[in-house]
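Reading the structure
One letter stands for each residue in the lines below.
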Amino acid sequence: MNVCKLFQRALSLVLLLFVYAGVMAQSDVKGTVTDVAGEALPGVTVSIKGGTVGTMTDVNGNFTIRAQRGETLVFSYVGYVTKEALVSGTAVNVQLEEDRKTLDEVIVVGYGSMAKKDITSSITSIKQEDFNQGVYTDPAQLLQGKVPGLTISNNNSDPNASPSVTLRGSSTLRSGAAMEPYYVIDGVPGASLSLVSPDDIVSIDVLRDASATAIYGSKAANGVIIVTTKRGKSGQASVTYSGYVSVDKIRKRLEMMNAQQYKDFVLNNGFSLDPYDDTGADTDWQKEVSRTGFSQNHNISINGGNEKTRYSTSVNYLRNLGVIKGSGRERYVARAFVETQAMQDKLTVSFNVNASTSTRNNVPAQGQGLSVYDAMYYYLPMSSVKRPDGSWFEYPQRSQYANPVSLLEESTILSKDKVIQAHARGSYQIFKDLRYNLDLSYQNSQFNYANYYTSKSMVAAGMNGKSTRSAVEGQRKVMEMNLAYDKILNNRHKVGLLGGYSWEENNDNDGFQLTTYNYYSDDLSYHNPGMANNIDLNGFGGYNLSTLRMISFYGRANYSLDGKYLFQATVRRDGSSAFGANNRWATFPSVSFAWRISDEEFAKGTFDDLKFRIGYGVSGNSLGFDVFTATQVYGATGWFTNSEGNLVRTLGAVRNSNPDLRWEKTDMLNIGLDFAILKNRLSGTIEVYNKNTSDLIYDYPVSTTKYLYSYLTTNVGEINNRGIEFTLSAVPVKKKSFSWNTGLTLSHNKNVVKKISNQEFSVNYLNLSNLDGAGQSGMTQQRVMEGYPIGTFYTWEWAGYNDQGVSVYYVHDPATGERTGELTTTPQDKDRAYTGSAQPKLVLGWNNNFNYKRFGLTATFQGLFGNKIMNGTRARHSNVVGNAGNKNLLADVLKTEKVTDYNAHFLSDRYLEKGDYLRLAQLSGSYSIGKIGSGIKNARVFMTVNNAFVLTKYKGLDPEVFLGGITPGIDNRQTYPRTRTVMFGLNLNL
């Protein structure tokens, strides 16, 4: 035993000596980091090259790190050039130079990348550190207020909604994908945004003018947004975690009458109250259907590699419970990427797999009062949620009247989405300056929908339970190949050539639907439709497999002389099976030129950068079409009973053939000036553009004596957008321990519909936006007219009250459209007139970043000015005569309305309000903790408030309504409340 103990002690002594020797081999290395002016730089990251040890400089620029003689220290700091220093003693002092190579920043331009200094087109690049922070599920939300000309509107805080995105004005009469930019993710055109978590995005490049977008041809009329995700780097593997939790509260509610206010109003003004409605309650229905929203997001990624191979993988989990009970979203995203080099580094091969699955829960939001967002306001406050026997308190005999809590509890609206994508890329260096690239991608999407309305649900009243199940699948295959040649001649001539081929096949809308009703029990919900007694023969859905193919040839040429005179030309030839047999192909060219004036002798020393750009290009819009768009289609049109008493389908034409249907084309002229002065502390861009879209596609009425169907999809219209954009970036303060960076974007766009008729297809206008107002059947609130913008309000004009206290309206001459001088209480369609536009005159974004030592503060302001909003919600709940005794009213009608006014709710310019607002969209504070122990290289905590406040005179819930599509600026009873979000987050680098 004694020998064993002696041996153990000896072994321990030996181990201690080894450890001591290792420790003695290291020593504390101290030093100071300054800029070229000798000012100390706090927060500089100091690490040992190839290792995991790291630290940061303090407020005086000092640092201490354990290192051995011969090791290399790496000094990195945002805005400065990374520097390395060899440890030869116990002190290392370094000076960091400002990164004057911002012009060498690489920007993705489509089928490749270019140095910022060589760009001749209008492209805005936003890096990860400049993204908006918030509970975001759509990458576009990261850019709101950051990119001039890009108008992003979120009209609510619905966790399942997507924002409307418009770049440089509306340029089509179609909605959906046809109105929004085209997305390219990691080189894959048209990839699903559901495959990308905002945490995994490194940068987003927005191609804004046609000289930049024409390389994507028929898909680029509304701009192109290129998303680049994280990739591994050579060196030590890096494990990062980012996450947050957040709480949501409704920022603003509509103040409706409480029970006592309502009863006093009804009884004191000669209206009657049904005793059945009054249960002695004072129910706040908005409170009954709402809650505190809660969200959590967690992202773990592993990145690393060596000189030959890089890898990256990540997993993201998001759960967002909305402020309306029953609404929410849960999403998982997984991504894996690997890239390696072979054949003496001439061959680079990469492969990545992306997958996502989302589950969405919604609540009823139908018309005719069957909407939680409508019923939470109109249901009477003196009624209780339930009767004493536990059943719902409802009044089914009353038109468009449903208990909002019952709507929630007796309805299940569920959707599940699964998307998987595989992308392989190979790049081979044929010669020193010539490279061949091949991209192959496959995407499979599955969408499953399940609805169930119980036997107690008013959505399916009298049906004793109703179930709808549907499943839809889509497949997308893309092959891209190109040759890229880059050469520098005599150190003066820089030449870049690109030529490529693209093939794409989309198989969409392959699915079915089954609707059943009359169940014995609600227990199985939608899970067993075979238990139903009846099948809805009109409830099979409208799913038809559409196989759409496209073939493209494209090329680009770049030339730079001395880095001062820059030229670019592109051309793309697209062929698509979506268009008529006579117009399957179209060509989209572009050309642009730039002159770096700051490199001329007369400008040197005055400007750090001054570049003039001019570009012209043509792009197309084939988005939103299927293979049936231009072909004759027959479908089910009804039922009849045959001689044997059986119910048989009737078939008929549901679409006409148009062999001459062709592409919508957008041509754009863009002129820009980029500048930077004061050692790049003040920089900006001024741009003007003229964007004209012709051959607009729309459905026009035709005679059934010539055609089989009453409408024909054809090319007729023309829309013009003209605008000016201004960006300014500045560093007003840059001290030793404090800095302030600020950026401003201002955009103005004028939208005009130039043409909607020709000799063959002629209409005076297109009536849009039927808000289904009581007593106003068929009355629309907007028109598309030549000479006016999309979103033109064409309404009745309110003229006050007559002697009986009833709203009156101006009468218009049907021939001239002018006022006749008469007033009426019963306005007609002919009495409508132009009353305003939903198009904003100015879009503003103002971003500020403050840094003090390790503390950071970000404040982002967003605003819209000069637009109008039709507040149909306020009109609906101001119907003093129609609603009194039947439905609740806004509390302020006691001050704003006359009890004699049976026209109080008529939609007119009285409810057309200014949509101006300025919002503090994001206020975020952070603290960089730095290194913690030996396991955490860097830690950062932050707190963010979204929608801190909004300055506006708009009387609705929120002035930020949808501005996309062809009916922008409408707020009508289906609005999910806007929230204020407080989130707490943590970033760790392990």
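Below or above, wherever it landed, is the structure these notes cover. (Residues numbered from 1 in each chain as written. Predicted model: local features only at pLDDT ≥ 70, side-chain atom pairs only at ≥ 80, totals over all residues. Heavy atoms only, no water.)

1. Here we look at the overall build of the protein chain
Test applied: Counting from the N terminus, the helices are the DSSP runs of H or I reaching at least four residues and the strands are the DSSP runs of E reaching at least two. Using C-alpha atoms as the atom set, the radius of gyration is obtained and then compared with a globule rule of 2.2 Å times the number of residues to the power 0.38. Two residues form a contact once any of their heavy atoms are found within 4.5 Å. For every accessible area listed, the method is Shrake-Rupley and the probe measures 1.4 Å; residues are considered covered only by the protein chains on display.
Helices and strands together make up the secondary structure of the protein chain, namely nine helices and 51 strands. Computed over its C-alpha atoms, the radius of gyration of the protein chain comes to 32 Å, within 12% of the 30 Å expected for a compact globule of 990 residues. Dimensions of the protein chain along its principal axes, counting C-alpha atoms only, are 95 × 80 × 65 Å. When contacts within the protein chain are restricted to residue pairs at least 6 apart in sequence, those whose partners lie at least 24 apart make up 68%. By element, 55% of the accessible surface of the protein chain is carried by carbon and sulfur atoms, the whole surface being about 43500 Å².

2. A few points about the sheet that holds strand β42 (residues 819-824)
Stated precisely, the cut-off is as follows: Note: two strands are recorded as paired if DSSP finds a minimum of 2 bridges between them. Lines fitted to C-alpha atoms define the axes here, with helix axes fitted over just the stretch in contact, and angles between the N-to-C directions of these axes take values from 0 to 180 degrees.
What the three strands build is an open sheet, ordered β40-β41-β42; its pairing is antiparallel. Bordering the open sheet on either side are β40 (798-801) and β42, each of which pairs with just one other strand. On average, each strand axis in the sheet is inclined to that of its neighbour by 35°, with strand direction left out of account. Here two bridges tie β40 to strand β41 (residues 807-812), and the two strands are oriented antiparallel to one another. By the bridge assignment for β41, tryptophan 798 is matched with tyrosine 809.

3. Some details on the packing of aromatic side chains
In plain terms, the rule: Each pair of aromatic rings taken from Phe, Tyr and Trp, with Trp reduced to its six-membered ring, is defined by centres within 6.5 Å and is described as stacked if the planes are under 30 degrees apart, edge-to-face if over 60, and tilted in the remaining cases. Here's how the labels work: a residue is buried when its accessible area is under 20% of the maximum for its type, exposed when over 50%, partly exposed in between, all with a 1.4 Å probe on protein chains only. Only lysine NZ and arginine CZ atoms are considered, and such an atom sits over a ring when it is within 6 Å of the ring centre and within 35 degrees of the ring normal.
Following the criterion strictly, the structure yields 27 aromatic pairs and no others. When the ring of tyrosine 698 is compared with that of tyrosine 700, the centres are 5.9 Å apart and the planes differ by 80°; the resulting orientation is edge-to-face. Assessed through its relative accessible area of 21%, tyrosine 698 is described here as partly exposed. Classification of tyrosine 700 as buried rests on a relative accessible area of 1%. Connected via pairs of aromatic rings, a cluster forms that spans Tyr111, Tyr182, Tyr216 and Tyr554. The ring centre of phenylalanine 337 lies 3.9 Å from the NZ or CZ of arginine 231, which sits over that ring. Of note, lysine 665 hangs over the ring of phenylalanine 588, and the distance from its end group to the ring centre comes to 5.9 Å.

4. Overview of the environment of valine 784
Mapped onto the elements of the fold, valine 784 is located in strand β38 (residues 780-784). Taking relative accessible area as the criterion, valine 784 reaches 1% and is therefore assigned buried. Counting along the chain gives 61 residues from valine 784 to glycine 845, while the straight-line C-alpha distance between them is 29 Å. In this structure valine 784 touches Leu173, Val753, Ile756, Tyr765, Leu766 and Leu768, once residues within four positions along its chain are discounted.

5. With respect to the sheet that holds strand β14 (residues 188-189)
Spatially, the five strands line up as an open sheet ordered β10-β15-β16-β13-β14, and their pairing is mixed. Strand pairing shows two members of the sheet lacking a second neighbour, β10 (123-127) and β14, which therefore form its edges. Alignment of strand β13 (residues 182-185) against strand β16 (residues 224-229), held across four bridges, turns out to be parallel. Bridge pairing in β16 places valine 184 opposite isoleucine 226.

6. So, helix α3 (residues 259-268)
Rule in force here: Here the arc refers to the directions that run from the helix axis out to each C-beta atom. Polar contacts, as used here, are pairs of N or O atoms within 3.5 Å; protein pairs need one atom able to donate a hydrogen and one able to accept it. Residues neighboring in sequence count only if both atoms are side-chain atoms.
Within α3, the full set of buried residues consists of Ala259, Tyr262, Lys263, Phe265 and Val266. For α3, the angular spread of the buried residues around the axis is 165°, confining them to a single face. Looking at the buried positions of α3, the neighbouring elements they touch are α8 (880-883) and α9 (893-896). Where α3 begins, the capping side chain belongs to asparagine 258, and its oxygen is found 3.2 Å from the backbone nitrogen of glutamine 260. Phi for glycine 270, located one or two positions after α3, is positive at around 80°.

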